[in-house]
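Here is what each chain is made of, one letter per residue.
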Amino acid sequence: MLNPDAIPLSANGTEASPDPNAALRFEDLTIDDDLSLLERVVRYVRSGIALQRLVHVKMIAETAKAVGTESTINSILPLLPPLVSDSESIIRQHLAMQLLPLCLTCMFGDDPAFDPKDKSTFGSRVYNDGGYAIATLKLVSHMRTLLGDPDMDVRKAASDGLATLALYIRSADVPSVILRIPLQLMHDEKNRKNLKQTNNSNASDNISDDLCITACHLLADVASISSTQVPPMMVAQHISPTIMALSRHENFRVRRTVVQALPRVISGSTLDDLTSKLIPCFNQLSMDESYRVRKSVGECLVDLSRSLMLIGNNEDVAANYNENYNTEVGMASGVKSNGDGKVAMRRVRRDNLIPICLRLLQDNHKVVKYGMLQFLGPFIASFYPLDAGDDNQDDEGIVSILDNREERAIGGMGSQFFPHANGMVTRLNPEFVSSPTTMPGIIQTQSKERNFSPDSKEYLESLLPQFLEKRYNDSKSLVNILRHREKTNIDQDDIAIIESKILPFYVELASINTGDENSDAEMRVYCAYSLPAVVLLLGNEGWDKVLKNCFLKLIAGSSDNNKDGTDTSFVPLPVKRCLASSFHTICHIVGPAAFRATTEEKNNKRDLLSIFEYHFLRDQDETVRLNIIRNLPSFLSLLSSSKRSKYLPILFDIICGDTMLASKRKNALNPMLLNWRQRDMIAQILPNLICLFRPDQVRQYLWPVIKLLLSDSVNLIRENVEWSIPILLRSYEYNKCVKGRDDTSAVKQFCQESCNEVFVFLKATLLENRTTSTHKAISCGAFSKRQSYCRILSAMALILRLNEDRGMKRAKMEDGAESLPFPVHPFYDLTREAYRHLHHLLRALFLPPALNMKDDRVTNVRLTLAKSLRIMPADISDRGDVHVILRTLEDEIETWEGGGGQNMQVEAPKIKVVNNAIDGNLGTTSTIQAPGNNVKKEGGGKDMLQSDVQGVDKKIPKFGNNEDDSMSLASI
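Residues numbered from 1 in each chain as written. Predicted model: local features only at pLDDT ≥ 70, side-chain atom pairs only at ≥ 80, totals over all residues. Heavy atoms only, no water.

**Some points on the overall build of the protein**
Here is the rule we go by: Numbering of helices and strands runs from the N terminus; a helix is a DSSP stretch of H or I covering at least four residues, while a strand is a stretch of E covering at least two. Only protein chains enter the accessibility calculation, which uses a 1.4 Å probe. A residue is then buried if its area is under 20% of the maximum for its type, exposed if over 50%, and partly exposed in between. When checking whether two residues touch, look at their non-hydrogen atoms; a contact exists if any pair is within 4.5 Å. All accessibility values rest on the Shrake-Rupley procedure with a 1.4 Å probe; residue burial counts only the protein chains present in the view.
When you go through the protein residue by residue, the secondary structure sums to 45 helices and zero strands. Looking at the protein as a whole, 54% of its 972 residues are labelled buried. By sequence separation, contacts in the protein at least 24 residues apart represent 73% of the contacts at least 6 residues apart. Accessible area of the protein: about 42400 Å², with a carbon and sulfur share of 49%.

Rendered as structure tokens:
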């Protein structure tokens, strides 16, 4: 049988159903593209070929959206009954995923104002009465059928859709439409099981238990989905009794599911349920006879801890707690009230969860004990308040860092501090699990692709590389978290009980010795992973008491024979990699106190600076070095200027050493490619590193690194290091160089020579294609080098364009937060003098050689030049020769593109590098002549670098006549 589920195409049977016994024809294997979307779906979901049915089942929701409510009801819904019982489980699974969007289309499909992401319209939505009835009866009936499917994935898809549907139907209908399904499912399975007690059918028992597990998860999702749609009294009346009954189920798998569901049920429960039923139920399950159930209790302690505090942050629930705290919480938990729901929940957490944790840590079964040890760090970290504190009711606190992310933001490390809390936000909001906004076929507010004007700030910001934006947002998130810690008062009762009861078990993980090396290594990784969050909770006092020794044991080992602190052979590699990633975070949390060390610690190299150098930066593992290099600017920003100055030569030697840039590994066929990720990471951090050091230090130590990377064999590295050139030239501005010096003439000479050195190197290597002081020219990859020069000009122009309004600050200091200022973005906050300095360099020194490329024989070079000229400041791009050249190139581009070339202004938001630089060094003795009168001064900048560019055009070769091995690319 090829099509056992065949149905007529329409109600009047105008097209006969395909013969299920007919042989396959060629027409059956092809798709008729002339059919409309609705006709295709109607025809091919009836196909005898499973793949065709699957493809078109996935199109049901978007088809319903396109045709509207009436056509959906008349043409699409009749197709569903055979699909619900399709022989292929994958088809049933995807059908279950389509039912939720179908319900919303039926209920709101003709309402253009409906936005599934807008939760403020819960009580004021306009329903299509007929579509609402069909959705809550017919479509929910299909969900009910799929909820009892033998396949687990099908049940999961149906459960997610049904739970999310509770957000969009009328609140009064939730019990009769949604909750009755899992309750009836469990009741039917119980009766069926009682009837089959005489049959020893394990398969039947397993199916029954699976259905109970599905129903339990569904009830938990509905309980926590929304306190508006599913109020606490509804949870207490319909959900809590069922969960309590399931906690006594004979199968340990069902009881384990109850443990996993309880944090979500508690988040939507009432006060009476919480204190008299649900918490005692969780406590009873922690003593369950099955070790698997007890292990699950330890894994869910973090979720339950967060759930209790999310209840305390709920204004409606907190008000209820305030009214009933003395009578109910005091009776149930033996506590006294001060009228604060948050304080009440913290007391409930201490009185109930800490004893459970201690009992599991001392469990006789090692699986239970090790499972609790695994989650011990996250459990301690869960005591950190995610809200703004008791005195900051108007501030969303750290929850906003975890949840309210900007649409265009890149990076940000809030979730890295609280990974389990961030996951808990998702688990307690199950609409994100089966979010209708991510499903096809729903009318919603889409984020349209924006076409910004080339002069807009948004377009200019889109040209910045992602690694700069990510590093800036990561640093900003770290500062936000530290500010939150400064203004948040941690409950001292929580701190006291953690330090006395729980913390000793956590610290022992750093030197645990179970007799199994693999188990020991695994436990130390768990300890290292949670260390930053534990330090954030306990602060400097906790660091000085025990956490510093915990860190030293993790990274340097606990052997008494390890006196010099350099023997790390027995330290698990995953531990070092984890600590290398979080080392800068720990240092920021502890602050300057982190670098205080005794003489003995310094002699034994157990102070943090020595650990940073010997255990991280000089480590033999490439991943350890990569993780520490990634956050090197953030770490160095904590050091004083004098310490950074003393440390820079060491960093220079390490970076240029054999393990990083030198790559002198003889046993490799291609040693330059072995550690390219390290070199690329160095290229990415260079703009931030340059901002941390004096101009003379930059010239002595960082400029040589830039020259090496500009000649790297890997294109991505050369591409990323080009963004350091504008920041390098910015550091040579006169006012930055003159700080701390009295000889102004020497400072001017230094500024001029430094900028000339950069220009001469770029001109010789990228334009003249020279690699040695003998100025011997080579032709390999010359055209890509000229493109690289144009892109460097683009980066210089971009920093000027982003700072044309020099009153605008990318990151402003918040009131009362002067101790923790936001990090500075390298491409923002130019001073007026720095702006004039870079503007003069671009217009008078760097731009004239590039204009000669207007006649370049390689089309891609001229195209790159045009892109560079497009983003020049207006006073440069509107100048006579630049304006004429740009117009000429634009006309040429329009000719290439058939009239569409002008759109390229917004279609290329990223500046790409395709050069192939050659390794080599140049002498730096060449300079530009003294200033002349041909360059117009701007704003009276007598301290600006002044360079004479007379004769520059004569020294630049005409690329149109230059020999180039890339001539074959001239026609594109």
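**Here's the deal with the pattern of salt bridges**
Our working definition: In the sections that follow, a salt bridge refers to a side-chain nitrogen of Lys or Arg positioned within 4 Å of a carboxyl oxygen of Asp or Glu.
One pass over the full model with this rule turns up 32 salt bridges. Between Asp210 and Arg253 there is a salt bridge, and its shortest N-O distance comes to 2.5 Å. Pair noted here: Asp210 is in helix H10 (residues 202-225) and Arg253 is in helix H12 (residues 252-267), with a separation of 43 residues, a long-range link. A salt bridge links Arg577 to Asp621, with the nearest nitrogen and oxygen atoms 3.0 Å apart. Separated by 44 residues along the polypeptide, Arg577 in helix H26 (residues 573-590) and Asp621 in the loop between helix H28 (608-617) and helix H29 (622-630) bring together distant segments of the chain. For Arg577, a relative accessible area of 31% puts it in the partly exposed group.

**Comments concerning the nonpolar core**
Heads up, the rule is: As used in this record, nonpolar core signifies buried Ala, Val, Leu, Ile, Met, Phe, Trp, Tyr and Cys residues forming a set joined through side-chain atoms within 4.5 Å.
In this structure, Tyr506, Phe551 and Phe846 are the most contacted members of the largest nonpolar core, which totals 259 residues. Among the elements that make up this core, the one with the highest residue count is helix H25 (residues 517-556) (17 residues). Filtering out sequence-adjacent residues up to four positions away, Phe846 remains in contact with Leu729, Val758, Phe759, Leu762, Tyr789, Leu793, Met796 and Leu841.

**Details of helix H41 (residues 859-870)**
Keep this limit in mind: To estimate the expected span of a helix, subtract one from its residue number and multiply by 1.5 Å.
Taking 1.5 Å as the rise per residue, H41 with twelve residues should run 16 Å; its terminal C-alpha atoms sit 17 Å apart, in good agreement. The element H41 is largely enclosed, with a buried count of ten among its twelve residues. Residues of H41 that are buried include every one of Thr859, Val861, Arg862, Leu863, Thr864, Leu865, Ala866, Ser868, Leu869 and Arg870, and no others.

**Some words on the environment of Lys476**
Along the chain, Lys476 turns up in helix H23 (residues 466-487). Sequence separation of Lys476 and Val824 is 348 residues, and the distance between their C-alpha atoms is 9.3 Å.

**Here we look at the packing of helix H39 (residues 782-802) against helix H40 (residues 832-851)**
Two packed helices can be described by the angle between their axes and the distance between those axes. Put simply, the test is: Comment: axis = line fitted to C-alpha atoms, over the contacting stretch for helices; angle = value between 0 and 180 degrees taken between N-to-C directions. For classification purposes, an angle smaller than 35 degrees is called roughly parallel, one larger than 145 roughly antiparallel, one from 65 to 115 roughly perpendicular, and anything else oblique. Each crossing gets its hand from how the near helix is turned against the far one by less than a right angle, where anticlockwise is left-handed and clockwise is right-handed. Gly is put with the polar residues, along with every residue not named as nonpolar or charged; the nonpolar set is Ala, Val, Leu, Ile, Met, Phe, Trp, Tyr, Cys and Pro, and the charged set is Asp, Glu, Lys and Arg.
Two elements in contact, H39 and H40, have axes separated by 10 Å at closest approach and are oriented at 155°. On the basis of their axis angle, the class for H39 and H40 is roughly antiparallel. The handedness of the crossing between H39 and H40 comes out as left-handed. Taken together, the residues of H40 that come into contact with H39 (itself represented by Tyr789, Leu793, Met796, Ala797, Ile799 and Leu800) are Tyr835, Leu838, His839, Leu841, Leu842, Leu845, Phe846, Leu847, Pro849 and Ala850. For the contact of H39 with H40, the per-class residue count stands at 15 nonpolar, one polar and no charged.

**A look at the packing of aromatic side chains**
We apply this condition: Only centres within 6.5 Å qualify two rings of Phe, Tyr or Trp (six-membered ring in Trp) as a pair; their planes then separate them into stacked at under 30 degrees, edge-to-face at over 60, and tilted for everything else. Lysine NZ or arginine CZ positioned within 6 Å of the ring centre and within 35 degrees of the ring normal marks a charge as sitting over the ring.
The full count for this structure, using the stated rule, is 16 aromatic pairs. Taking the centre distance of 4.9 Å and the plane angle of 70° together, the rings of Tyr127 and Tyr132 count as edge-to-face. The residues Tyr127 and Tyr132 share a single accessibility class, namely buried. Ring pairs connect the aromatic residues Trp543, Phe551, Phe583, Phe595, Phe612, Phe616, Phe635 and Tyr647, which therefore count as one cluster. A cation over an aromatic ring shows up here: Arg170 above the ring of Tyr132, its NZ or CZ 4.3 Å from the ring centre.

**A word on helix H31 (residues 641-655)**
Threshold: Throughout, bend refers to the angle between the axes fitted to the seven residues that end at a position and the seven residues that start at it.
Taking 1.5 Å of rise per residue, the 15 residues of H31 would be expected to cover 21 Å, and the 20 Å separating its terminal C-alpha atoms lies within 8% of that figure. Bending of H31 peaks at approximately 35° at the position of Tyr647, with proline Pro649 no more than four residues after it. Taken together, the buried positions of H31 are occupied by Arg644, Ser645, Tyr647, Leu648, Leu651, Ile654 and Ile655.

**What to know about the state of the cysteines**
Defined as follows: Cysteine sulfur atoms are paired as a disulfide whenever they fall within 2.5 Å.
Across all of its chains, the model carries zero disulfides by this definition. Free cysteine: Cys578, not disulfide-bonded; nearest cysteine sulfur from Cys527 at 9.4 Å. In this structure Cys737 is a free cysteine whose sulfur lies 3.4 Å from that of Cys751, the closest cysteine sulfur available. For Cys737, a relative accessible area of 4% translates into the label buried.

**Thoughts on the packing of H25 against H28**
Orientation of H25 relative to H28, taken along the N-to-C sense of each, is 20°, at an axis distance of 12 Å. Considering the angle they form, H25 stands roughly parallel to H28. Relative to H28, the crossing made by H25 is left-handed. Where H25 abuts H28, its residues Trp543, Phe551, Leu552, Ile555 and Ala556 lie against Leu608, Ile611, His615 and Phe616. Within the contact of H25 with H28, the residues separate by chemical class into eight nonpolar, one polar and no charged.

**A look at unusual backbone geometry**
Phi is positive for Lys605, which is not a glycine, with a value near 55°. Structurally, Lys605 is set in the loop between helix H27 (599-603) and H28. Lys605 gets classed as partly exposed once you look at its relative accessible area, which sits at 27%. Non-glycine residue Asp829 carries a positive phi angle of around 60°.

**What about the confidence of the model for the protein?**
To keep it simple, the criterion reads: Scored from 0 to 100, pLDDT records how confident the predictor is in each individual residue.
Averaged over all residues, the pLDDT of the protein is 77; the fraction at 70 or higher stands at 71%. By mean pLDDT, helix H45 (residues 952-955) is the weakest element of the protein at 36, and helix H36 (residues 724-731) is the strongest at 95. Taken together, the stretch residues 1-16 has pLDDT below 50 and engages in 32 contacts with residues farther than four places along the chain or on a different chain. A low-confidence stretch, residues 664-668 stays under pLDDT 50, and its non-local contacts, those more than four residues away or across chains, total five contacts.

**Considerations on the environment of Asp494**
As for its position among the elements, Asp494 is in helix H24 (residues 492-508). Given the relative accessible area of 2%, Asp494 is considered buried. Leaving out residues up to four positions away in the same chain, Asp494 has contacts with Arg346, Arg349, Arg350 and Phe383.

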